[in-house]
Every structure is written in structure tokens, then in C-alpha cells.
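Topology and contacts: notes
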Number of protein chains: 2
Amino acid sequence: MSATRIEVWSLDGIPEITAGDDLGSLIAGAAEGLTDGDVVVVSSKIVSKAEGRIVAALDREDAITSETVRVVATRARPNGGVTRIVENRLGLVQAAAGVDASNVPDGYVLLLPENPDRSAGELRAALRERLGVTVGVVITDTLGRPWRTGQVDAAIGASGLRVVDDLRGTLDAGGRPLDVTLPAVADEIASAADLVKGKSASRPVAIVRGLAHLLDDAAPGARSLVRVGDEDMFRTGSDEAYAEGYRDGFQEGQSESARDEP
Amino acid sequence: MSATRIEVWSLDGIPEITAGDDLGSLIAGAAEGLTDGDVVVVSSKIVSKAEGRIVAALDREDAITSETVRVVATRARPNGGVTRIVENRLGLVQAAAGVDASNVPDGYVLLLPENPDRSAGELRAALRERLGVTVGVVITDTLGRPWRTGQVDAAIGASGLRVVDDLRGTLDAGGRPLDVTLPAVADEIASAADLVKGKSASRPVAIVRGLAHLLDDAAPGARSLVRVGDEDMFRTGSDEAYAEGYRDGFQEGQSESARDEP
């Protein structure tokens, strides 16, 4: 049921993408030998560009503000700016709301695809139509992590494959239930692909071969990887939550004192 | 400088590991064709077992308590238990402090290796000695993520390779600095390897071929991936930070009211 060998490679020959480009055709043309069960991993940057998500923005900070649904935490930067960790429209908690100013002309920023799961589905359909193959598609972005330095690529869109490999109920070799039961395989695929795509090289598409067992037409998209509601134990930064508690506690302390006065 | 293709496969023939086993010999015996520049990725579970980190524990919860350096967040579970997100001795923020009760006999738990970076270095030296090859070694564990469901494998020990590929100063195709500049490649390697190791199958060792450019004798270990001090904006859960703020604010509110009294 599980893979014991995968190959991961990035595609040559994906040109610079601009609004209106037919990404499905371009990938189909570059992905020689693409076969049933492969997973096609695409940097969200080129999906955004093809979908015309590049917008004029005098100020990147303004663009971040308008993409922000909820501020999670902020931190002053040594250079005088402010790092903002925010939840964006896609439910992703990211620095800068996923607004990207690299690889675009001055005065413009690149927003994330409007609906990366839908974009992944469209790419999958295009590859099936053009090449007659059934593949999974993962659309990636780069995410920081609270307790670890650096960033890793993760899945922000997916179609045609399980994003989580549900092992609940699986037993270990000794017949005991496995402690850890929900590998986020779409994120692991995104991370594996980043190792061959790189950031500066213009290699935004990778193929992962060997994971056909994860393909599933009916699987939910990458949006299902977003932890919501009560499950989110870190919905605000520690400083922000402390300050909110302090404000509420201070008020309550004052009014309790007032009630106690004779 | 960067890879465009990698292969990742898990090794056959790693037996059930017990305390005192010579992991270097066992991996050397199973890793036919291991070559300079390969990265050997090993689940911490078997490193722990070889190092005798299995301990009797009447109660897993007690074991978690004794491995805990700092409680980050807690949450009641529907079954009456409590999920504890804690920082352990290695600086890792994990559920259950990395204490593992699966794949061990009843009445025992498995602790993480005492010093996974050192363990990685020893394995690397053993593989050099036995096979004459220079490889990187990554020791992995499975980590949850605050804002995303499921878990991914990450590097808790490393030797002989860069754990972060520092791209600061790198320019994009248009000559602008890259926004995202510190890919945590050791974590991405751990995640890629998890796709072929699996959790229930007894395949705890994988080889990643194609990343020789990341090998570096002088690179720091995986401990350097732990975000420390002020950089950690999520050192406690939102509820915990709110409660602490509330307590402090309440006291201050009361005493300010007292000072205001005539």
C-alpha cells in the first residue's frame, strides 16, 4: 500500500509565465513521459501569474493589509518595519499574507491564487485532456514555522490525491495503535519537490513518481489541511494574547475593587 | 549548485532494533550502493532503541512530565485526557514531549535520543569507516503544526549537511532579492523520506540521492533549527498567554483602584 521508492525531478522548459498563459498546455509540453499516478507539483507563483494575480501596489504593506483576514502576531523588525503573521483569505497563516514582491516588476506584487484547490483541479483536468493521464496536482507555497527557523514548502492547493494519509486505526508491528496517525502527505510532497525546484532557479514545476497509492479522485483539497476553530491553540501570538488578557483582567480588577468599596 | 532530480528509497532488511545494536553496521549492511553525497535518513525511533532509551513507565503521562522543560499549551481531549504541547530537552516543541508508546512493549515508553545531532555524527562516522563513503545523516521525528492538521517528519538530528540552505543575498531572475531566503532543507529531506518510510511498515531508514551540493562537514546540526528566545512569537498557547495576562492585569487593576481611593 505504501511507496518504498520515489523519484522527484523538476521540469526544464517552463518559460516565464504571464497573465493568460495556458499553464496546462505549457506543463503538458514540458512533462515528457508524464504517466498515470504521477504527482505534478507547481509553485503557486506561476499559477498566480497565469491567473493574472499580479496587481499594482505602491506599497507592499498596503497589499498585505488588504489580503489579511486576521492578524495573528506582529513583531518589530530591526530595520524599522513590522513582520506581520496573518491569516489570509485561504485560511493560511503566513508572514506577509502570502503577498510576494520578488520575481515581479517594481510597483507590483503577486497575490496567491484565488482558489488554489480549484486551480489544481483545472490543471489536473488539462493534463488529462492533453496527455490522457490521471495525475495528482499539488500547488505549493513557502511557509514559516513558529518554533523552527527557516521555511518549508507546503501544499496550498491539491486535486486528485489524498492530502492526509489517514492511519488512524493502523496497528504497529506489535499490534498497538500508532501514536501518530495523520501524515500530511501533500505537505511532504511539496517539501520534497522544493528540493529540486529551488527558489531562484526558474524551475517552478516538479514531478513526483511513485506515490500512485495516494491518488484519489474524491479526496478533499488542501484547504482541508487548515486547522480551524477550537483546534487552533495558537490563534494569536503569545504577546498579543497576553495583552488582550491583561486589558480584560485590568478592567475586571478595577470594577471588582469598585464593587468592594463601602 | 542545486539539484534538479532526486531519488528517495527506503531500505529493506533493517531488523527490529534493540538496545546495544550497532546501527551503523546494520545500515551499512542494508544500504547496498551507498555513495558519496547520499543523505541517510533515519527515524529517531530506531536510534532511541539502539541507544537504550526505552524505559519502564507505569504511566505515559508521568514520562511526558519528566521529559518536559516547559509547557507551551494544553487542551482537554474528548476522552478525558489532556493533550500537552511542550518543549522538551532538545528544544523541540511537540505533543507529548516526543515520548512514544507505540512500537514498544506495554509498560514501557521510548524517549528521544539524548543528543540526536551527536547520534547523527556517530552514524556518519560509522558509515564512513565501514563503507568508505562521505554522506549526510538526518535523524527524524514526527511533528504536528499549529495551524495545519496532520503531522510531517522533520529533522531532529543532522550531521554533515547544511540544515538550512541560506539564500539571503540571492537575487531572483529580475535581480531583486528573494523574499524567502532560508529553506529548511533538512526538514524537507525528512519529509521526503517519510513518503517512502511510512509509519507502520518497518522501514525506518531511507536514502536520498541527488543532494550532494548540501553536504558540508562544518554545518551545524539540527538543533540550530530550533527557534529560540525573542524569535519565538508562540512560546505559549493563546489561552495560556491570555490567562497569564488576565491574572497580571487583574492584580494591577485592583491595586490601581486601591491607590485611587481617597
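For chain A, the name recorded in an unreviewed UniProt entry is Coenzyme F420-0:L-glutamate ligase, with Naasia lichenicola as its organism.

**Structural notes on the sheet that holds strand β4 (residues 68-76) of chain A**
Residue and element names in this part refer to chain A. Ordered by their spatial adjacency, three strands build an open sheet running β4-β5-β6, and the pairing between neighbours is antiparallel. The sheet is open, and its two edges are formed by β4 and β6 (93-95), each paired on a single side. In this sheet, adjacent strand axes meet at a mean angle of 25° when their direction is disregarded. One ladder, built from seven bridges, connects β4 with strand β5 (residues 82-88); its direction is antiparallel. Within β5, the position partnered with Val71 by the bridge is Val86. Taken strand by strand, helix α3 (residues 60-67) contacts β4 and β5, and its axis lies near 30° from that of β5.

**Quick word on the nonpolar core**
In this structure, Ile6(A), Ile189(A), Ile6(B) and Ile189(B) are the most contacted members of the largest nonpolar core, which totals 56 residues. Excluding residues within four positions of it along the chain, Ile6(A) makes contact with Val208(A), Arg209(A), Gly210(A), Leu211(A), Ile6(B), Glu7(B), Val8(B), Ala192(B), Leu195(B) and Val196(B).

**Considerations on the packing of aromatic side chains**
Enumeration according to the criterion identifies six aromatic pairs over all chains in this entry. Taken together through their ring pairs, the aromatic side chains of Tyr242(A), Tyr246(A) and Phe250(A) make up a single cluster.

**Comments concerning the pairing of strand β10 (residues 205-209) of chain A**
Residues and elements named next belong to chain A. With four of its five residues buried, β10 lies for the most part within the structure. Pairing geometry for strand β1 (residues 5-10) and β10, over four bridges, is antiparallel. Residue pairing across strands places Ser10 opposite Ala206, the latter belonging to β10.

**Side note on the interface of chain B and chain A**
Facing 94 residues of chain B, the contacting portion of chain A comprises 94 residues. Both sides of the chain B and chain A interface together cover about 8300 Å² of buried area, and 54% of this is carbon and sulfur. When the buried area of chain B at its contact with chain A is split by residue, Trp147(B), Arg148(B) and Leu195(B) rank highest and sum to 11% of it. There are eight salt bridges connecting chain B and chain A. Here Glu7(B) ties to Arg5(A) by a salt bridge, and the two come within 3.2 Å at their closest N and O atoms. Counting the contacts that link chain B with chain A gives 45 residue pairs in polar contact (both at pLDDT 80 or more). Only β1 (5-10), β4 (68-76), β8 (136-145), β9 (148-159), α5 (185-197) and α6 (238-260) of chain B provide two or more residues apiece to the side of chain B that touches chain A. The dominant element in the side of chain B that touches chain A, judged by the number of residues it contributes, is α6(B), at 15 residues. Class assignment of the residues belonging to the side of chain B that touches chain A gives a composition of 43 nonpolar, 23 polar and 28 charged.

**Considerations on the relation of the copies chain B and chain A**
If you rotate chain B by 180° and push it 0.0 Å along the axis, it lands on chain A with an RMSD of 0.0 Å. The operation mapping one copy onto its partner corresponds to a two-fold rotation axis. In this assembly, 100% of the residues forming the interface of chain B have copies in chain A that are likewise at the interface, indicating an isologous arrangement.

**Let's talk about α6(B)**
Between its first and last C-alpha atoms α6(B) spans 32 Å; for 23 residues at 1.5 Å apiece the expected length is 33 Å, and the two agree. Along α6(B), the residues that are buried comprise Ser238(B), Ala241(B), Gly245(B), Gly249(B), Phe250(B), Gly253(B) and Ser257(B). Its buried side turned inward, α6(B) meets α6 (238-260) of chain A.

**Side note on the sheet that holds strand β5 (residues 82-88) of chain B**
Residues and elements named next belong to chain B. Strand order across the open sheet formed by three strands is β4-β5-β6, with antiparallel pairing between neighbours. The open sheet has two edge strands with one neighbour each: β4 and β6 (93-95). Averaged over neighbouring strand pairs, the angle between their axes works out to 25° when direction is ignored. Taken together, the three bridges between β5 and β6 define a ladder with antiparallel strand orientation. Paired with Val86 across the bridge in β6 is Gln94. Strands in contact with helix α3 (residues 60-67) are β4 and β5; relative to β5, the strand with the most contacts, it is inclined by about 30°.

**Digging into empty space enclosed by the protein**
Per the stated rule, a full pass over the model turns up one cavity of 30 Å³ or more. Of the volumes computed, that of the largest cavity is approximately 450 Å³. What lines the largest cavity is a set of 31 residues, and nearest its centre among them are Arg145(A), Val152(A), Gly144(B), Arg145(B) and Val152(B). Going through the elements one at a time, β8 (136-145), β9 (148-159) and α5 (185-197) of chain A together with β8, β9 and α5 of chain B are the ones with two or more residues in the lining of the largest cavity.

**Things to note about the packing of α5(A) against α5(B)**
One can describe the packing of α5(A) onto α5(B) by two numbers: an axis separation of 8 Å at closest approach and a directional angle of 125°. Relative to α5(B), the element α5(A) is oriented oblique. By crossing handedness, the relation of α5(A) to α5(B) is classed as left-handed. On α5(B), the residues that touch Val185(A), Glu188(A), Ile189(A), Ser191(A), Ala192(A), Asp194(A) and Leu195(A) of α5(A) are Val185(B), Glu188(B), Ile189(B), Ser191(B), Ala192(B), Asp194(B) and Leu195(B).

**Section: the side chain of Asp232(B)**
On the secondary structure map, Asp232(B) appears in the loop between β10 (205-209) and α6. For the buried Asp232(B), no salt bridge is present, and the opposite-charge side chain at shortest range is Arg70(B), 4.0 Å distant. Leave out the neighbours within four places in its chain, and Asp232(B) touches Arg75(A), Pro146(A), Trp147(A), Arg70(B) and Arg227(B).

Reading the values: rules and limits
Residues numbered from 1 in each chain as written. Chains lettered and ligands numbered in written order. Predicted model: local features only at pLDDT ≥ 70, side-chain atom pairs only at ≥ 80, totals over all residues. Heavy atoms only, no water. Pairing = 2+ DSSP bridges. Helix = DSSP H or I, 4+ residues; strand = E, 2+ residues; numbered from the N terminus. Axes fitted to C-alpha atoms, helices over the stretch in contact; angles between N-to-C directions. Contact = heavy atoms within 4.5 Å. Core = buried A, V, L, I, M, F, W, Y, C linked by side-chain atoms within 4.5 Å. Buried < 20%, exposed > 50% of the residue type's maximum accessible area, 1.4 Å probe, protein only. Phe/Tyr/Trp six-rings, centres within 6.5 Å; stacked < 30°, edge-to-face > 60°. Buried area = accessible area lost by both parts, 1.4 Å probe. Salt bridge = Lys/Arg side-chain N within 4 Å of Asp/Glu carboxyl O. Polar contact = N/O pair within 3.5 Å; in protein donor to acceptor, adjacent residues only side chain to side chain. Nonpolar A, V, L, I, M, F, W, Y, C, P; charged D, E, K, R; others polar. Least-squares fit on C-alpha atoms with pLDDT ≥ 70 in both. Expected span 1.5 Å × (residues − 1). 1 Å grid on protein atoms, 1.4 Å probe; cavity = no way out; pocket = protein on both sides within 12 Å on 5 of 7 lines; lining within 4 Å. Points joined across faces, edges and corners; volume = space filled by probe spheres on them. Parallel < 35°, antiparallel > 145°, perpendicular 65-115°, else oblique. Left-handed = near helix turned anticlockwise from the far one by under 90°. Lys, Arg positive; Asp, Glu negative; His and termini not counted.

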